[in-house]
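# A structural walkthrough
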Amino acid sequence: MRLAVVMDAAGSINVKKDSTYAMLLEAQTRAWELTYLEQGDLFLRDGRTYGHGRRIALNPGHDPWYGLGQAEILPLDGFDAILMRKDPPFNMEYVYSTYLLELAESRGVFVANRPQSLRDANEKMFTAWFPQCTPPSLVTRNAEDLHGFLSEQDDIVMKPLDQMGGASVFRIRRGDPNVNVAIEVLTQMGTRMIMAQRYIPEIRDGDKRILMIDGQPVPYALARVPREGDSRGNLAAGARPEGRPLDDHDRWICKQVGPVLSAKGVLFAGLDVIGSYLTEINITSPTCIRELDAIYGLNISALLLDAVARHVQGG
């Protein structure tokens, strides 16, 4: 299997936590041919997409954890599969990359996740397709609308639509003297859409990340429990990871979302569930594989690469 992975710079990877590393390690165990690409390596020439790719070999337990071969200009449609694992921010450069990957897809290479869906399914706004699963929510750039939503809900969370890891997430209560400046900063003075959701008190018990592979859930979730004095359930913001088996309501949410993910070609996704509510659907570069593998003795990457192989083979 010839597999290319578009990812962040290898030197920035923390192998103890990084899900892309887990995928590469499993692929190497299977003797798949691995090619490393960064977003800036992709280019288009005369209707065909290429990359300045380098073969990558993993050296587990060593620093650096990888070795790279010489860069070669390689047609992307020469691979069997491509994993798009570039972290947000989701900006226009990311969008341009999806156009290039979509051209490669049109020539027969399997791309996960599907480039069109990476563009269409914003990780915050995509929850709106499942209103039966979500808390009261608002997407707007209008300050008056946001003030009205706060008056209705009393306690809300506001966040940008294009960030990750808890970046720029604000909890605002009715009467908070900082509400106006928070709205101004997040909406960039009314020029950018943001999301507001009712604050869910169950965040104190953790923001559960449920991993979905080809529309089916891994049977355990990683609850990210906020540190003292913080309301963000993000590992990058200092939250504490705890393993949790899925409960019946978690599985109900998965049944609502899973078929749509499959139809959209979203092979790997991370659902964020707080209490009984779906709050985000992460599809750009979902993580938490390493933590769940360590807690439960799983090999989630094996399930994922089995699914990649099925799709490459037309199954």
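Please read these numbers as outputs of a predicted model, since none were measured by experiment.

The next point concerns the overall build of the chain. Counting secondary structure elements, the chain contains eight helices and 18 strands. Relative to its length of 315 residues, the chain is compact, with a C-alpha radius of gyration of 20 Å against a globular reference of 20 Å. Taking the principal axes of its C-alpha atoms as reference, the chain extends roughly 60 × 45 × 40 Å. Relative to its 315 residues, the chain shows a buried fraction of 49%. Accessible area of the chain: about 14300 Å², with a carbon and sulfur share of 48%. Across the chain, the centroid of the 34 positively charged side chains sits 1 Å from that of the 40 negatively charged ones.

Time to look at unusual backbone geometry. Here the residue pair Asp63 and Pro64 is connected by a cis peptide bond, since its omega of 5° sits within 30 degrees of zero. Secondary-structure assignment places Pro64 in the loop between β4 (48-58) and β5 (66-68). In this chain, Pro88 is followed by Pro89 through a cis amide linkage whose omega measures 25°. Phi at Cys288 takes a positive value of approximately 95°, unusual for a residue other than glycine. Here Cys288 is to be found in the loop between β18 (277-282) and α7 (289-296). Judged by its relative accessible area of 1%, Cys288 falls in the buried class.

Further remarks concern the side chain of Thr134. Among the structural elements, Thr134 can be located in the loop between α3 (115-120) and β9 (137-140). Within polar-contact distance, the side chain of Thr134 engages the backbone oxygen of Pro131 at 3.4 Å.

With that settled, consider the pairing of strand β15 (residues 220-225). Most of β15 is tucked away, with five of its six residues classed as buried. Pairing between β15 and strand β16 (residues 240-245): six bridges, direction antiparallel. Each bridged residue has a counterpart across the sheet, and for Arg224 the counterpart in β16 is Pro241.

Time to look at the sheet that holds strand β12 (residues 194-198). If you walk across this open sheet you meet the four strands as β9-β12-β10-β11, and the pairing is antiparallel. Looking at strand neighbours, the two that pair on one side only are β9 and β11 (170-173), the edges of this open sheet. Between one strand and the next, the sheet's axes are offset by a mean angle of 25°, whatever the strand orientation. Here strand β10 (residues 155-160) runs beside β12; their pairing, made up of five bridges, is antiparallel. When the sheet's bridge partners are listed, Ile156 is paired in β12 with Arg198. The strands that helix α5 (residues 179-187) touches are β10, β11 and β12; relative to β10, the one it contacts most, it runs at about 25°.

Axis separation between helix α4 (residues 143-153) and α5 bottoms out at 11 Å; the angle between their running directions is 130°. On the basis of the axis angle, α4 is oblique to α5. Note on packing geometry: the crossing formed by α4 with α5 is right-handed. Residue-level inspection shows Ala143, Leu146, His147 and Leu150 of α4 in contact with α5, the latter providing Val179, Asn180, Ile183 and Thr187. Taken together, the residues that form the contact of α4 with α5 break down as five nonpolar, three polar and no charged.

Before going further, it helps to spend a moment on the pattern of salt bridges. Taken as a whole and assessed by the stated rule, the structure comprises 21 salt bridges. What you see here is one network of salt bridges that share partners, running through Asp207, Arg209, Arg224 and Asp272.

Here we come to the environment of Ser262. Within the element layout of this structure, Ser262 appears in helix α6 (residues 248-263). Reaching out from Ser262, the side chain makes a polar contact with the backbone oxygen of Asp214 at a distance of 3.4 Å.

A large share of β12 lies buried, amounting to four of its five residues. As paired strands, β9 and β12 are joined by four bridges and run antiparallel to one another. Within β12, the residue paired with Ser137 across the bridge is Gln197.

Tallying each qualifying case throughout the model produces eight aromatic pairs. An angle of 55° between the planes, with centres 6.1 Å apart, marks the rings of Phe126 and Trp129 as tilted. Looking at Phe126, the relative accessible area reads 3%, which means it is buried. According to the relative accessible area criterion, Trp129 is exposed, its value standing at 58%. Each ring, one from Phe126 and one from Phe130, has its centre 5.6 Å from the other, and the planes form 75°; the classification is edge-to-face. Taking the relative accessible area as the measure of exposure, Phe130 reaches 3% and is therefore buried.

Parameters at a glance
Residues numbered from 1 in each chain as written. Predicted model: local features only at pLDDT ≥ 70, side-chain atom pairs only at ≥ 80, totals over all residues. Heavy atoms only, no water. Helix = DSSP H or I, 4+ residues; strand = E, 2+ residues; numbered from the N terminus. Rg over C-alpha atoms; globule rule 2.2 N^0.38 Å. Buried < 20%, exposed > 50% of the residue type's maximum accessible area, 1.4 Å probe, protein only. Areas by Shrake-Rupley, 256 points an atom, 1.4 Å probe, with all protein chains shown as cover. Lys, Arg positive; Asp, Glu negative; His and termini not counted. Charge placed at Lys NZ, Arg CZ, Asp CG, Glu CD. Polar contact = N/O pair within 3.5 Å; in protein donor to acceptor, adjacent residues only side chain to side chain. Pairing = 2+ DSSP bridges. Axes fitted to C-alpha atoms, helices over the stretch in contact; angles between N-to-C directions. Contact = heavy atoms within 4.5 Å. Parallel < 35°, antiparallel > 145°, perpendicular 65-115°, else oblique. Left-handed = near helix turned anticlockwise from the far one by under 90°. Nonpolar A, V, L, I, M, F, W, Y, C, P; charged D, E, K, R; others polar. Salt bridge = Lys/Arg side-chain N within 4 Å of Asp/Glu carboxyl O. Phe/Tyr/Trp six-rings, centres within 6.5 Å; stacked < 30°, edge-to-face > 60°.

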